[in-house]
Amino acid sequence: MENKVLIETSARHVHVTEADLETLFGKGAKLTHKKDLSQPGQFACVERVDVVGPKRTLSGVSILGPTRSATQVELSLTDARSIGVSAPIRESGDVAGSAGCKLVGPCGEVELKEGVIVAKRHIHATPEDAEKLGVSDKEIVSLKVVNDERSTIFGDVVVRVSPKFALAAHFDTDEANAAALSGVVYGEVIKG
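Counting restarts for each chain: residues are numbered from 1 in the order of the written sequence. At least 70 in pLDDT is required for a residue's local features to be given in this predicted model, at least 80 for side-chain atom pairs to be given and counted, and no such filter applies to totals for whole chains, interfaces and linings, which use all residues. Computation of side-chain values: all heavy atoms of the structure, hydrogens and water removed.

Brief notes about the nonpolar core
Using the following cut-off: In this description, a nonpolar core means a group of buried Ala, Val, Leu, Ile, Met, Phe, Trp, Tyr and Cys residues linked to one another through side-chain atoms lying within 4.5 Å. The classification of residues rests on relative accessible area computed with a 1.4 Å probe and restricted to protein chains. Under 20% of the type maximum is buried, over 50% is exposed, and intermediate values are partly exposed. Put simply, DSSP H or I for four residues or longer makes a helix, DSSP E for two residues or longer makes a strand, and each gets a number counted from the N terminus. Throughout, a contact is declared for two residues whenever any of their heavy atoms are within 4.5 Å.
One finds V14, V51, I63, V73, L103 and V116 to be the most contacted residues of the largest nonpolar core, which totals 27 residues. Elements supplying a minimum of two residues to this core: α1 (18-25), β4 (43-52), β5 (57-65), α2 (77-83), β8 (99-104) and β9 (109-119). What V73 contacts, discounting residues up to four positions off in sequence, is H13, V14, V51, C101, L103, L112, G115, V116 and I117. By size, the runner-up hydrophobic cluster in this structure holds 20 residues, among which are A125, V135, V145 and V159.

And the structure:
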């Protein structure tokens, strides 16, 4: 079982800067912790925003904390297409030249020229986890999921290694639904 990784479904969400948080929620606004996420120090917030594209709006999208150095919107391809934006598939944080949108909060709006991406499926691992799995930072692997309905092998999974991480793979809702993933699911790492 050394090559098994928990797969979590990452639904649409937004990361915001301190400045954008204040624009959206008012001067002095702080993120309100709702629940911890699997990655250490990361949490879902009470605050939500509307993500507005040329075709439609996604209402009440969760903000994840803590604040970041750049505002970023992570959607599934279905979400992006439904609101009319052409979001590239990228690693989190790689927003240069990506799609834009408008964020609307109770106190204001933020027009993003870039920042909308579809997160590349990935595995978070500590250096110790990576060693046990026999993988390295930025390595591309596959994850095999076996179930009764839609066993699937997901390719192009990037490994991200940091002592700040906890071992888990993150797939978006499109990917999870394609393989009928629900509940606690593990994937087998396949190299090459």
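Concerning unusual backbone geometry
What is expected of a backbone is that most residues other than glycine have negative phi and most peptide bonds are trans. Residue P66 is reached from G65 by a cis peptide bond, and omega for that bond is 0°. Note that P66 resides in the loop between β5 and β6 (72-74). Residues other than glycine seldom take positive phi values, yet K138 does so here, at roughly 75°. The phi dihedral of D156 falls on the positive side, at around 55°, and the residue is not glycine. By secondary structure assignment, the location of D156 is in strand β12 (residues 152-161).

Some thoughts on the pattern of salt bridges
Here is the rule we go by: Definition used for salt bridges: Asp or Glu carboxyl oxygen within 4 Å of a side-chain nitrogen of Lys or Arg.
Applying the stated criterion across every chain, the model contains 8 salt bridges. With its nearest N and O atoms 3.8 Å apart, the salt bridge here joins K30 to E18. With K30 in the loop between α1 and β3 (33-36) and E18 in helix α1, this residue pair connects regions lying 12 residues apart in the sequence. Two residues, D94 and R90, come together in a salt bridge whose shortest N-O distance is 3.6 Å. On the accessibility criterion, R90 (18% relative accessible area) is buried. A cluster of three or more residues bridged by salt bridges with shared partners is formed by E91, K138 and R160.

Examining the sheet that holds strand β13 (residues 168-172)
Pairing between sheet strands relies on hydrogen bonds along the backbone, with the strands arranged either parallel or antiparallel. Put simply, the rule is: For two strands to be treated as a pair, DSSP must find at least two bridges joining them. Working convention: axes come from line fits to C-alpha atoms, limited for helices to the stretch in contact. Angles between N-to-C directions cover 0 to 180 degrees.
Pairing within the closed barrel is mixed, and its 6 strands lie in the order β1-β13-β10-β12-β11-β14. Neighbour-to-neighbour, the strand axes of the sheet open up by a mean angle of 40°, direction not taken into account. As defined by bridge partners, strand β10 (residues 122-125) adjoins β12 across 4 bridges and the pair is classed as parallel. Of the residues in β12, the one forming a bridge with H122 is V158.

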